[in-house]
Amino acid sequence: MSKFVYADNAATTAVSQDVLHAMLPYFAERYGNPSSIYSVGRSAREGVDKARRQTADALGAKPEEIVFTSGGSESDNQAIRGAAAKCAAKGRHLITTAIEHHAVLHTMRALEKEGFTITYLRPEPDGTVLPETLEAAIRPDTTLVSIMYANNEIGTIQPIPAFVQICRARGILFHTDAVQAVGHVPIDAEQEGIDLLSLSAHKFHGPKGVGALYIRKGVRLPSLIEGGTQERGRRAGTENTPGIVGLGEALFRAAAGMEERMERVARLRDRLCDGLLAIPHTRLNGSRAHRLAGNLNISIDGIQAEGLLLLLDQNGICASAGSACATGAVQPSHVLTAIGLPEEAAHAALRLTLDDVNTDEDVDYIIETITRLVQHLRSLSPAWGPAQTTH
Ligand SMILES: *Cc1c(COP(=O)(O)O)cnc(C)c1O
């Protein structure tokens, strides 16, 4: 009885063995400062340069368009604060959505206090933001639109090219928080016309604390971190060499064979979905068609997801309730609220996120365990009357 199933890959992923091996020499052998001229510094520089090429190749970008950062949160802050400041003379209206990650939402809230006006677009009930919704929100003083590529809670993938078209025609910068999408969905930043794109290594089997911001050639932003001239003066600080090498290697591996992996993971996810929706009074949150391959988010009536999580943990299953960041907080997830879920259904939402490391056996075990636990929890609940149990 020592089963362990990790089904919280949207929160973070394990560093793969290949990535770990690629990183190891950069701690104690190739430890030089990449800015130094001697050989141990040059070998560190080579590692960073290779990672920049690997990252650019995976995104259909040029190496000089990649800036390494400390992760998705910094990339989001840099993109939004940078673009807002750069264009402040032209206008002070920014557009985002109500379902962004807090790295975007809280940055926008901070800018509101600094005199910017923000419009938070409402998604449809499946989590999709309609291009018409964006179009209607644009004003003459709009300078930046920031819409996530795919949602971290419900997995909905947005129609990014349609947003880009709208922004381009009006000379508005377009940023996307693609932290959940990069490494999981094919993305060509150049072809899709994206100006700014955030990614984070630990969401695709790379290490934590390292990410990147794609900045389209010709777009110049004031930098968030002042200091040395690293990253062509766009992000100061001695490079996180092992982390950057790990990011490049992880993205290179994620990009290879992506289609097959997506299909395999989606098949597991669909089987898990069918198995869990067979429990009476359950519903899927988010879009069925436009969805990340590994993401499943379901509401289980009569269940407090937080309580269920503890029981799942006792059974060796790692999952999350709505947003991982909201765990422990009394507030229902802002994403589930924004797609119109009543408070009860939001508190009853369980998120399971699979990845290529998961197996059919894992799926069977999760279905079996959740079905048993839900039956048990409902049988204990006085509020769960016979009215509900007759389906
Ligand atoms: C994880 C995540 C982030 C934050 O990335 P960090 O590297 O953990 O700072 C931002 N946006 C989305 C959508 C995420 O899933």
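Residues numbered from 1 in each chain as written. Predicted model: local features only at pLDDT ≥ 70, side-chain atom pairs only at ≥ 80, totals over all residues. Heavy atoms only, no water.

(A) Structural context of the nonpolar core. Counting residues in hydrophobic clusters, the biggest one holds 45 residues, and the most contacted among them are L134, F174, V182 and L197. In terms of residues, this core owes the most to one element, helix α7 (residues 160-168), which gives five residues. Every residue in contact with F174, bar those within four places of it in the chain, is listed here: V145, I147, I160, F163, V164, C167, I194, D195 and L196. One finds V265, I298, L352 and V363 within the second-largest nonpolar core, a separate group that totals 31 residues. (Core = buried A, V, L, I, M, F, W, Y, C linked by side-chain atoms within 4.5 Å. Buried < 20%, exposed > 50% of the residue type's maximum accessible area, 1.4 Å probe, protein only. Helix = DSSP H or I, 4+ residues; strand = E, 2+ residues; numbered from the N terminus. Contact = heavy atoms within 4.5 Å.)

(B) Region of the structure containing the site of the ligand. For the ligand, the set of nearby residues contains 13 residues, the closest of which are S73, D177, Q180, S200 and K203. K203 is positioned with one of its side-chain polar atoms (N or O) 2.8 Å from an oxygen atom of the ligand. Surface burial for the ligand is 87%, taken as the share of its 390 Å² of free accessible area covered by protein chains. At three residues, the largest contribution of residues to the shell around the ligand is made by helix α4 (residues 72-86). Residues belonging to the shell around the ligand are distributed by class as follows: two nonpolar, eight polar and three charged. (Near = heavy atom within 4 Å. Polar contact = N/O pair within 3.5 Å; in protein donor to acceptor, adjacent residues only side chain to side chain. Areas by Shrake-Rupley, 256 points an atom, 1.4 Å probe, with all protein chains shown as cover. Nonpolar A, V, L, I, M, F, W, Y, C, P; charged D, E, K, R; others polar.)

(C) Quick peek at the sheet that holds strand β3 (residues 93-97). Judged by pairing direction, the sheet is mixed, and its seven strands sit side by side in the order β2-β8-β7-β6-β5-β3-β4 without closing on themselves. Strand pairing shows two members of the sheet lacking a second neighbour, β2 (66-69) and β4 (117-121), which therefore form its edges. Along the sheet, successive strands turn relative to each other by an average axial angle of 20°, direction set aside. Across three bridges, the pairing between strand β6 (residues 173-177) and strand β7 (residues 196-200) is parallel. The residue of β7 that forms the bridge with D177 is S198. Along the sheet, α4 makes contact with β2, β3, β5 (142-146), β6, β7 and β8 (211-215), crossing β7 at roughly 165°. (Pairing = 2+ DSSP bridges. Axes fitted to C-alpha atoms, helices over the stretch in contact; angles between N-to-C directions.)

(D) Inspection of the UniProt feature "modified residue: N6-(pyridoxal phosphate)lysine" (unreviewed entry) in the protein chain at higher detail. UniProt records the feature "modified residue: N6-(pyridoxal phosphate)lysine" (unreviewed entry) at K203, using the numbering of this structure. In this structure, K203 sits in the loop between β7 and β8. With residues near it in sequence (within four places) discarded, K203 still touches A10, A11, T13, V179, Q180 and H184. (UniProt positions renumbered as here; feature names shortened; annotations may be inferred.)

(E) Just a nonpolar patch on the surface, in detail. A cluster of nonpolar side chains, contributed by V15, L20, L24 and F27, occupies part of the molecular surface with about 330 Å² of accessible area. With respect to the secondary-structure elements, F27 resides in helix α2 (residues 25-28). (Patch = residues over 30% accessible without salt bridge, like charges linked within 9 Å, V, L, I, M, F, W, Y side chains within 5 Å. Salt bridge = Lys/Arg side-chain N within 4 Å of Asp/Glu carboxyl O.)

(F) Fine view of the domain arrangement of the protein chain. Splitting the protein chain by domain gives domain 1 (5-13 + 258-390) and domain 2 (17-255). Here domain 1 and domain 2 have C-alpha centroids that lie 29 Å from each other. Domain 1 puts 29 residues into the contact, and the matching count from domain 2 is 35 residues. Here domain 1 and domain 2 share zero salt bridges between them. Linking domain 1 with domain 2 are 18 residue pairs in polar contact (both at pLDDT 80 or more). Those elements giving two or more residues to the side of domain 1 that touches domain 2 turn out to be α10 (258-277), β10 (295-300) and α12 (334-338). (Domains from an automatic or database assignment.)

(G) Structural view of empty space enclosed by the protein. Summed over all chains, the structure comprises three cavities of 30 Å³ or more. Counted as a void, the largest cavity has a volume near 230 Å³. In this structure, the largest cavity is lined by 19 residues; those nearest its centre are H184, A293, G294, L354 and D355. Taken domain by domain, the makeup of the lining of the largest cavity includes at least three residues from each of domain 1 (5-13 + 258-390) and domain 2 (17-255). For the second largest cavity, the full set of lining residues is V67, Q78, I215, L221, P222 and R234. Tallied by class, residues from the lining of the second largest cavity come to four nonpolar, one polar and one charged. (1 Å grid on protein atoms, 1.4 Å probe; cavity = no way out; pocket = protein on both sides within 12 Å on 5 of 7 lines; lining within 4 Å. Points joined across faces, edges and corners; volume = space filled by probe spheres on them.)

(H) Region of interest: the side chain of R378. Looking at where R378 falls in the secondary structure, it is placed in helix α14 (residues 360-380). Buried charge without a partner: R378 forms no salt bridge, and the closest opposite charge is D301, 5.9 Å away. Not counting the four nearest positions on each side in its chain, R378 is found in contact with I279, P280, H281, I300, D301, I303 and W384. (Lys, Arg positive; Asp, Glu negative; His and termini not counted.)

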